[in-house]
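The primary structure of each chain is shown beneath.
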Amino acid sequence: MGERLRVELGSRSYEIIVGERLLARAGTYVAQVARGNRAVIVTDENVGTLYLHRLMGALEEKGIGSLPIVLPPGEQTKCFAQAESLMETVLEHKPDRDTLIVALGGGVIGDLAGFAASILLRGLDYVQIPTTLLAQVDSSVGGKTAINSRHGKNLIGSFYQPRLVLADVSVLSSLPRRERLAGYSEVLKYALIDDAGFFDWLQEHAAEVLEGKAGALTRAILVSCRAKAAIVAEDERESGKRALLNFGHTFAHALEAETGYGDALLHGEAVAIGMSLAFALSVRMNLCPEEELLRVMRHLAQCGLPSSPLAVRANWDVEALMEHFSRDKKVRGESLTFVLTRGIGKAFVAHDVEKELVRQLLIEHLRPAPLDIAK
Ligand code: NAD
Ligand code: GLY
């Protein structure tokens, strides 16, 4: 039947349903929130090949007819051109205010379809059916929608909550291991922010989660979604606590920008490195015991996730990375905003991190390892 959680946002509240083989029963769940009997399913070529027909059949069983729109996979799809073409295609089919948008895919499809839903006919209802681990624990929940601009990632978007999130853990079996591992970073993020007990659980069960064992995956997704739902319910538009969800992300976004948002460094891999750097910065500022940084690094290594930018490439331009931090919307003078930590489960937002301290940290961490001349 699936486990149910609620994101409490008054009249915009919605359920997150997590469980196995939910796609086959999607018609039942979607019918409970659909205002009409027409849907547009937005997906990408990879996910469409695997799951589109199953979803269309499940909706049809409950009398919901659907128009599929299949887009190319990858981050490049989150752009103006694809958003325009998607919306023009929807409009050609004469939607009415009861037409439902269904996002079937990873964070790229969820962010793009959610953005389109938020502006089509001044707002159509939409449902998230996330198919990557990252999307199931993070991007499908909380209503942040976006496309990228040539000025940067996620700069054009809206806060627009879905009517339902359906996280079918069974579809993760077809996810490449590297993508599952990248999604695991966001699971770990919730433990590192404020749930040391969850970190202990992950230390014991990470292998099962990464191997795709349904029980462990379901539990990890539920704990993650519960954490995110609580934060979003308290601070939907990121005026305070929601910023904690950006733990590791300031570093991650700079590293991703430098590597071109592609296969060289996946978002979740960048987040793993970013979280390690956030711990290292906190240690440097005498806020956090070094042993906590080492515990996190050991865990990442056990999982097979990187904890240093040097795992990705040997040469980084420190000033280019600093430039990305300086462009951050939250910059105040010579200080930067980072999510820092006092230890595992003890993250907090700091608005007064000196740029020079961050520069020194990067110089130290990005120096290529010395040649072993003894060899
Ligand atoms: P993605 O959507 O690009 O999916 C990764 C790859 O996996 C793609 O090639 C996709 O086709 C494939 N795939 C998806 N599901 C599959 C399945 N079940 N089986 C086989 N292949 C499958 O990437 P992602 O990591 O899911 O999402 C990254 C995006 O999410 C970024 O654009 C990021 O900005 C965004 N994001 C948004 C939020 C938010 O709050 N809105 C939060 C975090 C990340
Ligand atoms: N992924 C960060 C947020 O949803 O706020």
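Before reading further, recall that the structure is shown in the block above.
These numbers were taken from a predicted model, which means no experiment stands behind them. (Residues numbered from 1 in each chain as written. Chains lettered and ligands numbered in written order. Predicted model: local features only at pLDDT ≥ 70, side-chain atom pairs only at ≥ 80, totals over all residues. Heavy atoms only, no water.)

Undergrad: So what about the site of ligand 2? Which residues, and what values?
TA: All residues in the neighbourhood of ligand 2 are listed as Asp 138, Lys 144, Lys 228, Glu 238, Arg 242 and Leu 245. In the environment of ligand 2, an oxygen atom lies 2.7 Å from a nitrogen or oxygen atom belonging to the side chain of Arg 242. Coverage of ligand 2 by the protein chains reaches 88% of its 200 Å² of free accessible surface. Its residues assigned to classes, the shell around ligand 2 shows one nonpolar, no polar and five charged. (Near = heavy atom within 4 Å. Polar contact = N/O pair within 3.5 Å; in protein donor to acceptor, adjacent residues only side chain to side chain. Areas by Shrake-Rupley, 256 points an atom, 1.4 Å probe, with all protein chains shown as cover. Nonpolar A, V, L, I, M, F, W, Y, C, P; charged D, E, K, R; others polar.)

Undergrad: Give a description of the environment of Ile 69 that names residues and reports values.
TA: Note on placement: Ile 69 falls in strand 4 (residues 65–71). A relative accessible area of 8% means that Ile 69 is categorised as buried. Sequence separation of Ile 69 and Met 285 is 216 residues, and the distance between their C-alpha atoms is 50 Å. Each residue touching Ile 69, except ones within four places of it in the same chain, is listed here: Val 40, Ile 41, Val 42, Thr 43, Leu 86, Thr 89 and Val 90. (Helix = DSSP H or I, 4+ residues; strand = E, 2+ residues; numbered from the N terminus. Buried < 20%, exposed > 50% of the residue type's maximum accessible area, 1.4 Å probe, protein only. Contact = heavy atoms within 4.5 Å.)

Undergrad: Give me the lowdown on the site of ligand 1, citing residues and values where you can.
TA: Lining the immediate surroundings of ligand 1 are 26 residues, of which Asp 44, Glu 75, Gly 107, Thr 131 and Thr 132 lie closest. For ligand 1, a nitrogen atom lies 2.9 Å from a polar atom in the side chain of Asp 111. At 2.9 Å from a nitrogen atom of ligand 1 is found a main-chain nitrogen or oxygen belonging to Lys 144. Protein burial of ligand 1: of its 870 Å² of free accessible surface, 89% is covered by the chains. Of all elements in the fold, only helix 2 (45–61), helix 4 (107–119), helix 5 (133–139) and strand 8 (152–159) reach the threshold of two or more residues within the shell around ligand 1. For the shell around ligand 1, the per-class residue count stands at nine nonpolar, eight polar and nine charged.

Undergrad: Residues and numbers for helix 2, please.
TA: For helix 2, which comprises 17 residues, the first-to-last C-alpha distance of 24 Å matches the rise-based estimate of 24 Å (1.5 Å per residue) to within 8%. Within helix 2, the axis deviates most sharply at Tyr 51, by approximately 55°. All of the buried residues along helix 2 are Val 47, Gly 48, Tyr 51, Leu 52, Leu 55, Ala 58 and Leu 59. Sitting at the head of helix 2, Asp 44 places a side-chain oxygen 3.1 Å from the backbone nitrogen of Asn 46. At the C-terminal side of helix 2, Gly 63 shows a positive phi close to 80°. (Expected span 1.5 Å × (residues − 1). Bend = angle between axes of the 7 residues up to and from the residue.)

Undergrad: So, the state of the cysteines: which residues are in play, and what are the values?
TA: Considering all chains together, one arrives at zero disulfides under this definition. Cysteine Cys 225 is unpaired, with the sulfur of Cys 303 as its nearest cysteine sulfur at 19 Å. (Disulfide = S-S within 2.5 Å.)

Undergrad: Give a detailed account of the side chain of Gln 128, specifying residues and quantitative values.
TA: By the secondary structure assignment, Gln 128 is in strand 6 (residues 126–130). For Gln 128, the contacting residues outside a window of four places in its chain are Ala 103, Gly 110, Ser 139, Ser 140, Pro 162, Leu 164, Val 165 and Leu 166.

Undergrad: Describe the pattern of salt bridges, listing the residues and the values that go with them.
TA: Under the defined criterion, the tally for this structure stands at 23 salt bridges. Taking the shortest distance from any N to any O, the salt bridge between Arg 21 and Glu 20 comes out at 3.6 Å. For Glu 20, a relative accessible area of 37% translates into the label partly exposed. Taking the shortest distance from any N to any O, the salt bridge between Lys 189 and Asp 138 comes out at 3.3 Å. In this pair, Lys 189 is assigned in helix 6 (residues 177–194) and Asp 138 in helix 5, connecting sequence segments 51 residues apart. For the residue pair Lys 189 and Asp 138, the accessibility class agrees, reading buried in each case. Taken together, the shared-partner salt bridges in this structure form one network comprising Arg 35, Asp 98, Asp 125 and Arg 163. (Salt bridge = Lys/Arg side-chain N within 4 Å of Asp/Glu carboxyl O.)

Undergrad: Explain the pairing of strand 3 (residues 38–44) residue by residue, including any values.
TA: Burial runs high along strand 3: six of the seven residues are buried. For strand 3 and strand 4, the ladder comprises seven bridges, and the chain directions are parallel. Looking at the pairing, Val 40 lines up with Leu 67 of strand 4. With helix 2 bridging strand 3 and the parallel strand 4, this β-α-β connection has right-handed handedness. Note: strand 3 against strand 5 (residues 100–105), five bridges, orientation parallel. Looking at strand 5, one finds that Ala 39 is bridged to Leu 100. (Pairing = 2+ DSSP bridges. Right-handed = clockwise from strand over helix to strand, strands pointing away.)

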